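# Analysis of the macromolecular model
Each chain is listed here by its residues.
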Amino acid sequence: MLVSAILTSVGINSALCVLFVVLYSILKKQPSYYEVYIPRLLTEGNSKRRSRFNLERLIPSTGWLPKAWKLSEEEMLSSSGLDAVVYMRTITFCLKVFSFAGIIGIFILLPVNCSGTELHQIDFEDLYSNSLDVFTISNVNRGSKWLWIHFSSVYAITIFICYLLYHEYNYISSKRIAYFYSSKPQPHQFTILVRNIPVSAGSSVSDSVESFFTEYYPTTYLSHIVVRRTSQVQSLINDAKQLYRRLLHLQSEPSEQKYKQVGLFEKKVDLLDHYGKRLEDLEQNARLEQSEVSLAKDTHAAFVSFKTRYGASTVFHLQQSTNPTHWLTEEAPQPNDVFWPFFSSSFMGRWISKLLVVVACILLTILFLIPVVVVQGLTNLSQLEVWFPFLKSILTLAFVSQIVTGYLPSLILMLFLKIVPPIMEFLSSIQGYISHSEIERSACNKVLWFTVWNIFFATVFSGSVLNQISIVLDPKNIPAKLAVVVPAQASFFIAYVVTSGWTSTSSELFRIIPLICSLMTKCCAESTDDEIEVPSIPYHRDIPRILFFGLLGIAYFFLAPVILPFLLVYFCLAYIIFRNQFINVYAPKHETAGKFWPIVHNLVIFSLVLMHAIAVGIFSLKKLSLASTLVLPLPVLTLLFNEYCRKRFLPIFTAYPAEILIKKDREDQNDATMSEFFDKLATTYQDPALMPIQYSADSESLNRPLIPSAEMSM
């Protein structure tokens with residue numbers, strides 16, 4: 001790819017970034033768009049709608065930048081949780097890595113690459129017509145002593161990254177413990193989920209749980225709640241809720257048509273009365289279904305609560321029965337984090353679901369190779385002219401060819417990638433996880449490795465599926481093949497960083513999709529009185545994107561250091577924009593207390609080993625066999641370092657140690673509110689679908705002038 005094509009892509013995306021930022025700074029000040037750009041501030045009462053017109057609203061401003069910049073980590077921790085802190089520290093980690101790498105890459109490695117003549121000499125007078133390949137290591141002459149600088153840089157960046165990884169793992173581990181210490185007693189700390197409960201003839205699941213835990217854990221057992229299958233009840237409740245909102249809208253809007261003509265004789269029907277009766281019928285059916293569910297339809301699962309955290313943790317870690325398939329224990333999620341549809345599956349159903357998810361992920365990976373092949377064809381004009389001969393005359397235009405080769409491929413790939421996170425989240429939801437946070441972490445892993453394989457490996461090894469499989473099955477030749485194909489794709493990944501990184505992050509600030517949805521709702525929706533929904537940040541979408549760009553930066557650090565400035569711009573944008581979003585937009589719904597960090601750590605280790613494998617192949621191709629040999633200890637040392645971190649820090653992210661649990665339990669002994677907490681704990685994990693339904697309890701109020709706001713929150 002030519003320099004001119006890359007500059008065209010940079011120009012287009014830079015213009016889009018500026019446009020998004022300017023539009024955001026204007027629309028953010030418009031009261032009609034507060035629910036799009038500051039929903040969190042609205043719900044927290046920190047911002048009020050203003051009706052008076054002010055010319056200042058139409059003038060772009062940068063007032064949001066200082067607020068985002070000044071946000072401290074402690075403020076973020078208290079307002080958005082430890083997961084938000086881990087997310088931002090992932091970005092700052094990448095900033096530190098690529099600031100250090102950028103100094104070495106731009107000021108040392110890039111001049112060395114430009115001084116080579118392996119491909120051809122750079123024409124500085126006509127820089128736009130040069131290929132980006134002359135800025136890569138491919139341009140350094142074979143056997144050149146200058147390659148030892150690249151060798152030294154590989155060692156330097158590896159040591160620096162491992163140092164930062166250790167520091168971050170240690171810091172986040174201590175933050176996780178401190179976060180636990182500072183938290184008030186939480187229901188999930190005293191509760192576990194027990195599945196596959198054996199039931200003897202003539203007894204119920206509840207009886208089995210009661211007898212088992214009173215016999216084996218008499219001093220710590222507190223209470224339990226049996227989990228029921230409530231999917232049908234939940235469906236009825238959802239229908240009742242929608243109908244109730246419709247009634248509220250009809251009553252609160254004087255201009256709304258409250259009569260409907262039906263039948264051949266056009267009989268008028270009072271909609272308030274009609275919908276009121278339907279609501280009563282739905283509630284009656286839901287109550288009947290609740291009664292049936294409470295008598296049967298159990299899932300042989302129960303939430304079991306204990307008097308101490310240590311007691312719950314002990315039961316969780318011990319095998320409860322001589323039959324290892326009975327009395328299976330899991331940590332209970334937070335009550336608002338429970339994914340209730342999971343309990344509608346049997347043990348065999350969950351096992352089959354996991355198998356189907358694996359097959360679905362493989363099929364999706366294979367199908368995604370189609371857009372990858374199309375994208376690679378766009379980067380090659382000669383190939384594109386073969387596919388579409390009628391475009392040959394158009395492609396001869398310089399600007400058109402620059403757009404097609406520099407901007408269009410990465411844009412198409414980015415658009416296809418938009419559908420991957422929702423698909424992976426759905427696949428994780430049917431895999432048997434018991435909480436939304438577990439589903440999100442599982443989806444994060446799926447999206448991450450899908451991106452690594454389909455965007456990185458499928459691009460560099462662009463070819464048939466069988467060709468890619470043959471590469472994996474022949475591990476001895478992987479370094480040599482990587483050394484050939486990876487540098488050749490440097491220009492494509494630079495364009496990808498600019499398009500998928502810069503523009504996507506700026507569009508995150510502008511919030512295109514929520515803005516469109518808001519406009520459509522105002523034009524078409526029946527009601528505008530619904531409560532503002534504050535979104536939570538989709539970690540399963542954003543963390544894989546950040547880590548993938550980190551992988552690109554590490555892999556191309558010594559191959560094509562020209563990519564580093566583009567990555568630094570991306571991480572700077574992500575740093576300031578997401579801090580702003582945590583203040584104004586996103587509020588946490590679930591908290592994992594930093595469990596996303598091991599995913600970050602593992603991917604960075606993988607990126608380092610990938611860089612080492614490429615380095616071995618590159619130095620072999622460049623006839624510097626000694627350097628290739630001396631690189632071999634690096635992946636071994638990196639994996640040993642990773643194993644040490646797993647032993648040292650990972651257990652803290654799996655479960656809290658007994659030392660901490662016992663200390664917290666002793667502190668609670670002097671807390672007078674613990675008795676009230678335990679009373680509430682007995683019903684905390686009650687399925688929301690089994691709660692009393694009260695939508696039509698005040699049906700007479702539908703004839704009043706306006707329903708009180710307190711009733712609307714029901």
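Procedures and definitions
- Residues numbered from 1 in each chain as written.
- Predicted model: local features only at pLDDT ≥ 70, side-chain atom pairs only at ≥ 80, totals over all residues.
- Heavy atoms only, no water.
- UniProt positions renumbered as here; feature names shortened; annotations may be inferred.
- Helix = DSSP H or I, 4+ residues; strand = E, 2+ residues; numbered from the N terminus.
- Buried < 20%, exposed > 50% of the residue type's maximum accessible area, 1.4 Å probe, protein only.
- Areas by Shrake-Rupley, 256 points an atom, 1.4 Å probe, with all protein chains shown as cover.
- Axes fitted to C-alpha atoms, helices over the stretch in contact; angles between N-to-C directions.
- Parallel < 35°, antiparallel > 145°, perpendicular 65-115°, else oblique.
- Contact = heavy atoms within 4.5 Å.
- Nonpolar A, V, L, I, M, F, W, Y, C, P; charged D, E, K, R; others polar.
- Salt bridge = Lys/Arg side-chain N within 4 Å of Asp/Glu carboxyl O.
- Patch = residues over 30% accessible without salt bridge, like charges linked within 9 Å, V, L, I, M, F, W, Y side chains within 5 Å.
- Expected span 1.5 Å × (residues − 1).
- pLDDT = per-residue confidence, 0-100.
- Phe/Tyr/Trp six-rings, centres within 6.5 Å; stacked < 30°, edge-to-face > 60°.
- Pairing = 2+ DSSP bridges.
- Core = buried A, V, L, I, M, F, W, Y, C linked by side-chain atoms within 4.5 Å.

- Labelled according to an unreviewed UniProt entry, the protein appears under the name CSC1-like protein At1g69450, originating from Populus deltoides.
- Comment text from UniProt for the protein, heading Subcellular location (unreviewed entry), reads "Membrane".
- Listed in UniProt under the heading Sequence similarities (unreviewed entry), the comment for the protein reads: "Belongs to the CSC1 (TC 1.A.17) family."

### Considering the overall build of the protein
- The number of helices and strands found in the protein is 31 helices and six strands.
- Here the protein, with 714 residues, has 51% of them falling under the buried criterion.
- When the accessible surface of the protein is summed, it comes to about 34100 Å², and 62% of that surface belongs to carbon and sulfur atoms.

### Here's the deal with the packing of helix α25 (residues 597-621) against helix α27 (residues 633-648)
- Axis separation between α25 and α27 bottoms out at 9 Å; the angle between their running directions is 170°. Here α27 runs roughly antiparallel to α25, going by the angle between their axes. Where α25 abuts α27, its residues H601, N602, I605, L608, V609 and H612 lie against L634, P635, T638, L639, F641, N642 and C645.
- For the contact of α25 with α27, the residue count by class is eight nonpolar, five polar and no charged.

### Some thoughts on the pattern of salt bridges
- One pass over the full model with this rule turns up 17 salt bridges.
- Of the charged contacts, one joins E643 and R646 as a salt bridge, the two residues approaching to 3.9 Å between their closest N and O atoms. Residue E643 and its partner R646 are both found in helix α27; the two are separated by three residues, about one turn of the helix.
- Look at E643 and you get partly exposed, because its relative accessible area is 35%.
- The class of R646 is partly exposed, set by a relative accessible area of 38%.
- What you see here is one network of salt bridges that share partners, running through E73, E74, R89, K96, E168 and K175.

### What about a nonpolar patch on the surface?
- Together, M348, W351, I352, L355, L356, V358, V359, I362, L363 and I366 line one region of the surface with nonpolar side chains, adding up to about 960 Å² of accessible area.
- Position of I352 relative to the elements: it lies in helix α12 (residues 347-367).
- Residue I352 is classed as partly exposed on the basis of its relative accessible area of 39%.

### Re the side chain of T158
- The residue T158 is located in helix α7 (residues 147-182) in this model.
- The residues contacting T158, other than those within four sequence positions of it, are L608, M611, H612, L634 and T638.

### A short note on unusual backbone geometry
- Notably, N196 is not glycine yet its phi reads approximately 55°, a positive angle.
- With respect to the element layout, N196 can be found in the loop between β1 (191-195) and α8 (205-216).
- Note on N196: relative accessible area 18%, which makes it buried.
- The phi dihedral of R511 falls on the positive side, at around 55°, and the residue is not glycine.
- With respect to the helices and strands, the residue R511 is situated in the loop between α21 (490-510) and α22 (512-524).

### Quick look at helix α24 (residues 564-584)
- Between its first and last C-alpha, α24 extends 30 Å over 21 residues, near the 30 Å set by a 1.5 Å rise per residue.
- A large share of α24 lies buried, amounting to 15 of its 21 residues.

### Description of the environment of I576
- Tracing the backbone shows I576 in helix α24.
- Sequence-distant contacts of I576, defined by excluding residues within four places in its chain, comprise W64, L65, A68 and W69.

### Focus: the environment of H188
- With respect to the helices and strands, H188 occurs in the loop between α7 and β1.
- On the basis of relative accessibility, which here comes to 23%, the residue H188 falls in the partly exposed class.
- Separated by 143 residues in the primary sequence, H188 and E331 place their C-alpha atoms 7.6 Å from one another.
- In this structure, H188 is in contact with A332, P333, Q334 and Y685, ignoring residues within four places of it in sequence.

### Looking at the confidence of the model for the protein
- Mean pLDDT over the protein: 81, with 78% of residues reaching 70 or higher.
- Least confident of the elements in the protein is helix α31 (residues 709-712), whose mean pLDDT is 30; most confident is α27, at 95.
- Confidence drops under a pLDDT of 50 for residues 261-265, and excluding neighbours within four residues, the segment shows five contacts in the predicted structure.

### Here's the deal with the packing of aromatic side chains
- Summed over all chains, the structure comprises 50 aromatic pairs.
- Plain terms: the ring middles of F100 and F160 are 4.2 Å apart, the flat faces sit at 20° to each other, and that makes the pair stacked. Pair noted here: F100 is in helix α6 (residues 82-115) and F160 is in helix α7, with a separation of 60 residues, a long-range link.
- Classification of F100 by relative accessible area gives partly exposed; the value is 27%.
- The interplanar angle of 75° and the centroid separation of 6.0 Å between the aromatic rings of F303 and W340 together place this pair among those described as edge-to-face. Taken together, the positions of F303 in strand β5 (residues 298-306) and W340 in the loop between β6 (328-331) and α12 put the pair 37 residues apart, joining distant regions of the chain.
- You can call F303 buried: its relative accessible area is 2%.

### Some words on the pairing of β1
- Counted residue by residue, β1 has five buried out of five residues, so it is predominantly covered.
- With burial as the criterion, each face of β1 is covered, one bearing T191, L193 and R195 and the other bearing I192 and V194.
- As defined by bridge partners, β1 adjoins β6 across four bridges and the pair is classed as antiparallel. Paired with L193 across the strands is E330, a residue of β6.

### Here's the deal with the packing of helix α1 (residues 3-27) against α21
- Viewed as axis vectors pointing N to C, α1 and α21 meet at an angle of 5°, and their least axial separation amounts to 8 Å. The angle between α1 and α21 places the two elements in the roughly parallel class. Residues I6, S9, V10, N13, S14, L16, C17, F20, V21, L23, Y24 and L27 of α1 touch α21, and the partners they reach there are S491, I494, A495, V498, T499, W502, T503, S506, S507, L509 and F510.
- Looking at the contact of α1 with α21, its residues break down into 15 nonpolar, eight polar and no charged.

### Topic: the nonpolar core
- One finds Y87, I91, F456, F493, Y556, F558 and F571 to be the most contacted residues of the largest nonpolar core, which totals 133 residues.
- Here the element with the most residues in this core is α6; it accounts for 18 residues.
- In this structure I91 touches I546, F571, A574, Y575 and F578, once residues within four positions along its chain are discounted.
- Residues V205, F212, V226 and V315 belong to the second largest nonpolar core, which totals 16 residues.

### Structural notes on the side chain of N113
- Inspection of the secondary structure assignment puts N113 in helix α6.
- Judged by its relative accessible area of 0%, N113 falls in the buried class.

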